[in-house]
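Examination of the molecular architecture
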Amino acid sequence: MEVINTSGRRKTAVARLYMKPGKGSVTVNKKEANAYFTTSVLQYKVNQPFMLTETIGQYDVQVNVDGGGITGQAEAVRLAISKALIEINPDWKPTLKQVGLTTRDPRMVERKKFGQKKARKKSQFSKR
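Residues numbered from 1 in each chain as written. Predicted model: local features only at pLDDT ≥ 70, side-chain atom pairs only at ≥ 80, totals over all residues. Heavy atoms only, no water.

As for the pattern of salt bridges
Across all of its chains, the model carries six salt bridges by this definition. We note a salt bridge from Arg-10 to Asp-105, for which the minimum N-O separation is 3.3 Å. With a gap of 95 residues between them, Arg-10 in strand 1 (residues 4-10) and Asp-105 in the segment after helix 4 (93-99) connect regions that are remote in the sequence. Residue classification places Arg-10 among the buried residues on the basis of a relative accessible area of 12%. Residue Lys-45 is joined to Glu-75 by a salt bridge in which the shortest nitrogen-to-oxygen separation is 2.7 Å. Here Lys-45 is found in helix 2 (residues 40-53), whereas its partner Glu-75 is found in helix 3 (residues 70-88), with 30 residues between them in sequence. A relative accessible area of 15% means that Glu-75 is categorised as buried. By sharing partners, the salt bridges in this structure join Arg-10, Lys-45, Glu-75, Asp-105 and Arg-107 into a single network. (Salt bridge = Lys/Arg side-chain N within 4 Å of Asp/Glu carboxyl O. Helix = DSSP H or I, 4+ residues; strand = E, 2+ residues; numbered from the N terminus. Buried < 20%, exposed > 50% of the residue type's maximum accessible area, 1.4 Å probe, protein only.)

Some points on helix 2
Between its first and last C-alpha atoms helix 2 spans 20 Å; for 14 residues at 1.5 Å apiece the expected length is 20 Å, and the two agree. Along its length, helix 2 shows its largest kink, about 50°, at Asn-47, and proline Pro-49 lies within four residues downstream of that point. Looking at the packing, one finds that the buried side of helix 2 touches strand 2 (13-21), strand 3 (26-28), strand 5 (59-66), helix 3 and helix 4. Of the residues one or two after helix 2, Glu-54 is the one with positive phi, at around 55°. (Expected span 1.5 Å × (residues − 1). Bend = angle between axes of the 7 residues up to and from the residue. Contact = heavy atoms within 4.5 Å.)

Following this line, the structure appears as structure tokens:
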């Protein structure tokens, strides 16, 4: 098996992933994943696809992630890992889909409109 290339997105965060068989090292932006994602919740999100498919320590992952906040980046990495695992073994798709790891979260910040203070906030209406 050669290197698998996938991408994952969440809000404005984009993760580009390269996965190959190895010892289980996860590198995010040239740092160890546990050093990049400091909280245990974010580390759990990144490792969740491996735990569900019982493949912890079988693949080396290198991720370039850009944009968004730290949580959006972690969920973008999770989606990219899930897509790569499905590419390796399509039998894992129902397991990952059941937990909701194959769905891209489309929610994004609504743009500000001209003549308004924010996306939906308007100046007070005066009848007279």
